[in-house]
Amino acid sequence: MFYKVTRIFLLLSFCFLLGTPLSGQNLILNPGFENYKSCPENITNFGTLLEDVSLPTSSSGDYFNACGSNDFGVPSNFKGSQKANEGSGYVGLYFYALNDYREYIQLNTSKTLREKHPYKITLQLSLAEASSLALKNMSIVLVNKKVKFPNGSALTGSRLDLQEDVAFQVVKLKPNKSLANTDDWITLTAEFEAKGFENHIIVGNFNNNLNTELLEQEGTVLSSDFSYYYVDNVGLEELPRVNYEKDKIYVLERNPFEPKGYELDAEAVASVKKIFKYLKENAEVQMKITGHSDNVGQPGYNKFISSLRARAVALYLKNLGIDDNRIVWEGVGDTRPLGNGKIKESHLSNRRVEFVMTQFED
């Protein structure tokens, strides 16, 4: 039985967690840098070459295009060789250089983001072959208006804080590959909740040299070392708000548990955070969690492992701030398998956690 609850819901339909990122309209204007006024021929402020693109500091990055000169062409240019991720152009920026020198690109959005709505940001990066350093992680900054700061120093949070009329939000990005990759494009993504003022996005490194985390390298960092990245295809889309129908079973999004595993992976944590947001916004709802296992092993042990899986979700929600009396959980072992059991490796799907949203009963 459920802990704290004796009634068990038996539902026939199964549905995966709502709120999965869906393909939508890109809110970035000129996201792939294909709308240009003229071909790049020399070192020129790319704010004068590209539509809906500006520079937030006095430093200047580079624009590369297949129509450009040898130094500013695609795929080959003065920083290396890389095909455009899509189309014929991309930009290049110094993310790390001597004396905290930085380059940034500022992009317009087609509209101001909606307060408390979820969004997804994506962008493509490739480390230029001329670089001697690679960054370990990256972020983007969303601001409430087009900004322009003097000099080319790092645009740190403290510098942004000094501007009374500038509101900003920092969003950490997650790369799908090492940021030291020079052969391919790396995809960086993040999901975030808008604060309601964001209408420009700034791409670059927002830490000074001392606070920038670099990937491991041989020897010490020299004054001549730098990190230069190509940037292409910046995307921003609004995601559907998380919603759950009451008395309907949902399966927690995550990779299948290991046979004896019960800890939440990164995908599961992201799913639980969405659940937390829904519970926080819907005080009349309580959640019932059921852990499951496959049929490999003894029934008693399987029930124990399935209970730990349900408990892990309940504890995470409790630590985020959901009251105990709104969460009930149990483990049922291998007593409720999915499908007919004839599909090869179907046991992986049985290592799962399900949950149901119901009317709160105090």
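Residues numbered from 1 in each chain as written. Predicted model: local features only at pLDDT ≥ 70, side-chain atom pairs only at ≥ 80, totals over all residues. Heavy atoms only, no water.

(A) Up close: the state of the cysteines. Counted under the stated rule, the structure contains one disulfide. Residue pairing for Cys-39: its cysteine sulfur links by disulfide to Cys-67, the two sulfurs lying 2.1 Å apart. One disulfide, between Cys-39 and Cys-67, carries an S-S torsion of -120° and so falls in the left-handed class. Here Cys-39 is found in the loop between β1 (14-16) and β2 (53-54), whereas its partner Cys-67 is found in the loop between β3 (62-65) and β4 (76-77), with 28 residues between them in sequence. By relative accessible area, Cys-39 is classed as partly exposed at 28%. Classification of Cys-67 as partly exposed rests on a relative accessible area of 30%. (Disulfide = S-S within 2.5 Å. Helix = DSSP H or I, 4+ residues; strand = E, 2+ residues; numbered from the N terminus. Buried < 20%, exposed > 50% of the residue type's maximum accessible area, 1.4 Å probe, protein only.)

(B) Broad picture of the pairing of strand β8 (residues 118-127). With eight of ten residues buried, β8 is to be regarded as a mostly interior element. Bridge count for β8 against strand β11 (residues 186-193) is eight bridges, and the pairing is antiparallel. Looking at β11, one finds that Leu-123 is bridged to Leu-188. One ladder, built from eight bridges, connects β8 with strand β13 (residues 227-238); its direction is antiparallel. Note on β13: the bridge partner recorded for Tyr-119 is Glu-238. (Pairing = 2+ DSSP bridges.)

(C) Summary view of the packing of aromatic side chains. Scanning the model with the defined rule gives 20 aromatic pairs in all. Ring geometry for Phe-72 against Phe-78: centres 5.3 Å apart, planes inclined by 55°, an arrangement best described as tilted. Measuring from ring centre to ring centre gives 4.8 Å for Tyr-90 and Tyr-230, while their planes differ by 55°; the resulting arrangement is tilted. Here Tyr-90, found in strand β6 (residues 89-96), pairs with Tyr-230, found in strand β13; they are 140 residues apart in sequence, far enough to count as distant. Looking at Tyr-90, the relative accessible area reads 0%, which means it is buried. Three or more aromatic residues joined by ring pairs make a cluster, and in this case those are Phe-64, Phe-72, Phe-78, Tyr-90, Tyr-94, Tyr-101, Trp-185, Phe-226, Tyr-228 and Tyr-230. Positioned above the aromatic ring of Tyr-228 is the side chain of Lys-79, whose terminal nitrogen or guanidinium carbon lies 5.0 Å from the ring centre. For Arg-254, the ring lying beneath its charged end belongs to Phe-257, and the centroid distance is 3.8 Å. (Phe/Tyr/Trp six-rings, centres within 6.5 Å; stacked < 30°, edge-to-face > 60°. Lys NZ or Arg CZ within 6 Å of the ring centre and 35° of its normal.)

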